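Structural overview
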Amino acid sequence: MTRLNWQETAPDGAKALFGIHHYVTQRTALPAELVHLVFLRVSQINGCAHCIDLHTRDLRKTMSVDKITLVPVWDEVHHLFSDQERAALAWAEEVTRVSETHASDEAYAAASAAFAPKDLVDLTIAIAAMNAFNRLGVPFRVPVAAKA
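Residues numbered from 1 in each chain as written. Predicted model: local features only at pLDDT ≥ 70, side-chain atom pairs only at ≥ 80, totals over all residues. Heavy atoms only, no water.

The next thing to look at is the packing of helix α3 (residues 32-46) against helix α6 (residues 83-96). Between α3 and α6, the shortest axis-to-axis distance is 9 Å and the interhelical angle comes to 35°. With respect to the hand of their crossing, α3 and α6 are arranged in right-handed fashion. Facing α3, whose interface residues are E33, L34, L37, V38, R41, V42, I45 and N46, α6 presents Q84, E85, A88, L89, A92, E93 and T96. (Axes fitted to C-alpha atoms, helices over the stretch in contact; angles between N-to-C directions. Helix = DSSP H or I, 4+ residues; strand = E, 2+ residues; numbered from the N terminus. Left-handed = near helix turned anticlockwise from the far one by under 90°. Contact = heavy atoms within 4.5 Å.)

Turning our eyes to something else, we now look at the packing of aromatic side chains. The relative placement of two aromatic rings is captured by the distance of their centres and the angle of their planes. Summed over all chains, the structure comprises 4 aromatic pairs. With centroids separated by 6.2 Å and ring planes inclined at 5°, the aromatic side chains of W6 and F18 adopt a geometry described as stacked. With W6 in helix α1 (residues 6-9) and F18 in helix α2 (residues 11-26), this pair connects stretches of sequence that are 12 residues apart. Residue classification places W6 among the buried residues on the basis of a relative accessible area of 9%. Measuring from ring centre to ring centre gives 6.2 Å for W6 and F133, while their planes differ by 65°; the resulting arrangement is edge-to-face. You can see W6 sitting in helix α1 and its partner F133 sitting in helix α9 (residues 117-137), a full 127 residues away along the chain. In this structure F133 comes out as buried when scored by relative accessible area, which is 9%. Taken together, the ring pairs in this structure connect W6, F18 and F133 into an aromatic cluster. (Phe/Tyr/Trp six-rings, centres within 6.5 Å; stacked < 30°, edge-to-face > 60°. Buried < 20%, exposed > 50% of the residue type's maximum accessible area, 1.4 Å probe, protein only.)

Quick look at the structure:
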């Protein structure tokens, strides 16, 4: 079944959400690769095919396929991810699963140790934004670029 194109149906809402995306990708001190890594992990958790496809393609420009392939199990292959990447991925999982984790004090302490206060807030905004995009991508079945 074909579903609505959420961006065409609510262009002002799309503009607002893409404004947040622009902020986290263009106006923060967070490295672009780190942001896309977090976007990918959040999208994997949420099962958003469009965003997984998109952010995998973004990461392939700067990251090895081996590393990208192992993002779902990043905590088992510590040697592939920097301390800051591991902290960002852990915080992304914690915030994305907030109904289960309640953003524990332990997770907050670990994220706070790896990021300056402004960067931690910006990282959390990036996580929140990707969760919002996923909540539009999944129900409206935004298509992927991948071909068979």
